[in-house]
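# Chain and residue survey
One letter stands for each residue in the lines below.
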Amino acid sequence: MERQIIRDGVPVLACADEVGRGSLSGPVTVGVVVVTAESRAVPQGVRDSKLLSAAERERLAPLIRRWAACWSVGHAEPAEIDAYGIIAALRLAAHRAIAGLDLAPGALLLDGNHDYVTTPAQDTLLGPPTVLDVVPPVRTIVKADLRCAAVAAASILAKTERDAIMTRLHDDHPEYGWAENKGYSAPEHLAALRRLGPTPHHRTSWRLPGVEAGTGDVAADAPVLGDALLPGEPLTLDVAG
């Protein structure tokens, strides 16, 4: 699929995927891998990062970095997710990744059916800081991480970098088990939230399981709202204090 797009007149193609969108803590991360007409076959074994073991991802990541025409990974921190919402934070992470590329892509191939990279025509006054004034045209493809080798490669780079961040954060907050669960809603993470409450690395604008929003009180049945905001919905911020 990537080679067809290149043959159709896009000599420098960026391919992107995100990780961490549904996590309760830590950043949301976007990886971008650039391929060109000169790119050789992708390293053997590259596929969607969710289908690989941690050891396989760690083995493949340096091979991908050498194979790609260029690559970059961008992050948006929990405080930015809280301030701007998850969709705008994804856009911020993607813009940071694109800004870090050594080549200017003519198009961006994005996993999924929603373009979170292109800045809305009428962005909010409280939106994220501007990183890129212009982004390349975006093409969305459902299941691109399964159908496009370079998108799968981008998912591996994003996953390994974010996993390394969560492993480092685990050293300061070992009770939450981030070295293993990487900030997702695993039983030990939820138990620590109920027992200890959130850390500065949690997305506290979300209604975290076991924590009553805004109070820190236990609420074992509280739903997670982080991904409930649909694209285009208004975001209401609580800026008291």
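So, a few notes on the structure that sits alongside this text. (Residues numbered from 1 in each chain as written. Predicted model: local features only at pLDDT ≥ 70, side-chain atom pairs only at ≥ 80, totals over all residues. Heavy atoms only, no water.)

Note that His-75 resides in strand β3 (residues 70–76). You can call His-75 buried: its relative accessible area is 17%. Here the side chain of His-75 touches Thr-29 through a polar contact of 2.9 Å, side chain to side chain. (Helix = DSSP H or I, 4+ residues; strand = E, 2+ residues; numbered from the N terminus. Buried < 20%, exposed > 50% of the residue type's maximum accessible area, 1.4 Å probe, protein only. Polar contact = N/O pair within 3.5 Å; in protein donor to acceptor, adjacent residues only side chain to side chain.)

With 14 residues, helix α4 (residues 86–99) should cover 20 Å at 1.5 Å per step; its first-to-last C-alpha distance of 20 Å lies within 8% of that length. Counted residue by residue, α4 has 12 buried out of 14 residues, so it is predominantly covered. Along α4, the positions that sit buried rather than exposed are Ile-86, Ile-87, Ala-88, Ala-89, Leu-90, Arg-91, Leu-92, Ala-93, Ala-94, His-95, Ala-97 and Ile-98. Buried residues along α4 sit in contact with β1 (12–19), β2 (28–36), β3, α3 (78–84) and β4 (107–111). (Expected span 1.5 Å × (residues − 1). Contact = heavy atoms within 4.5 Å.)

This next bit is on the nonpolar core. One recurring pattern in soluble globular proteins: nonpolar side chains tend to sit buried together. Ranked by internal contacts, the top residues of the largest apolar core, which has 38 residues, are Val-28, Val-30, Val-32, Leu-108, Tyr-116 and Val-117. With 9 residues, α4 is the largest single contributor of residues to this core. Judged by nonpolar contacts, the second largest core, of 27 residues, contains Val-46, Ile-64, Val-73 and Leu-157. (Core = buried A, V, L, I, M, F, W, Y, C linked by side-chain atoms within 4.5 Å.)

What the second largest pocket holds in volume is close to 520 Å³. In this structure, the second largest pocket is lined by 23 residues; those nearest its centre are Asp-17, Glu-18, Lys-50, Asp-111 and Asp-145. Looking at the lining of the second largest pocket, the elements with two or more residues in it are β1, α5 (144–147) and α6 (149–172). (1 Å grid on protein atoms, 1.4 Å probe; cavity = no way out; pocket = protein on both sides within 12 Å on 5 of 7 lines; lining within 4 Å. Points joined across faces, edges and corners; volume = space filled by probe spheres on them.)

Phi is positive for Lys-143, which is not a glycine, with a value near 60°. Even without a glycine there, the phi angle at Lys-182 is positive, about 55°. With respect to the secondary-structure elements, Lys-182 resides in the loop between α7 (178–181) and α8 (187–196).

Our focus in this paragraph is the environment of Cys-15. With respect to the secondary-structure elements, Cys-15 resides in strand β1. With relative accessibility at 0%, the residue Cys-15 sits in the buried group. Note: C-alpha distance between Cys-15 and Ala-152 (137 residues apart in sequence) is 8.6 Å. Once residues within four sequence positions are removed from consideration, Cys-15 is found in contact with Glu-2, Gly-31, Val-32, Val-33, Val-35, Leu-108, Leu-109, Ala-150, Val-151 and Ala-154.

The final tally for this structure, using the stated rule, is 5 salt bridges. Of the charged contacts in the structure, one is a salt bridge between Lys-159 and Asp-163, with a shortest N-O distance of 3.2 Å. Remark: Asp-163 and Lys-159 occur in helix α6; sequence separation between them is 4 residues, near one turn of the helix. Assigned by exposure class, Lys-159 and Asp-163 land together as buried. (Salt bridge = Lys/Arg side-chain N within 4 Å of Asp/Glu carboxyl O.)

Further remarks concern the packing of helix α2 (residues 54–67) against α6. Two elements in contact, α2 and α6, have axes separated by 9 Å at closest approach and are oriented at 120°. The angle between α2 and α6 falls in the class oblique. Of the two elements, α2 crosses α6, and the hand of that crossing is left-handed. Residues Arg-57, Glu-58, Leu-60, Ala-61, Ile-64, Arg-65 and Trp-67 of α2 form the contact with α6, whose participating residues are Ala-150, Ala-153, Ile-156, Leu-157, Lys-159, Thr-160 and Asp-163. Here the residues of the contact of α2 with α6 are counted per class, giving 8 nonpolar, 1 polar and 5 charged. (Axes fitted to C-alpha atoms, helices over the stretch in contact; angles between N-to-C directions. Parallel < 35°, antiparallel > 145°, perpendicular 65-115°, else oblique. Left-handed = near helix turned anticlockwise from the far one by under 90°. Nonpolar A, V, L, I, M, F, W, Y, C, P; charged D, E, K, R; others polar.)

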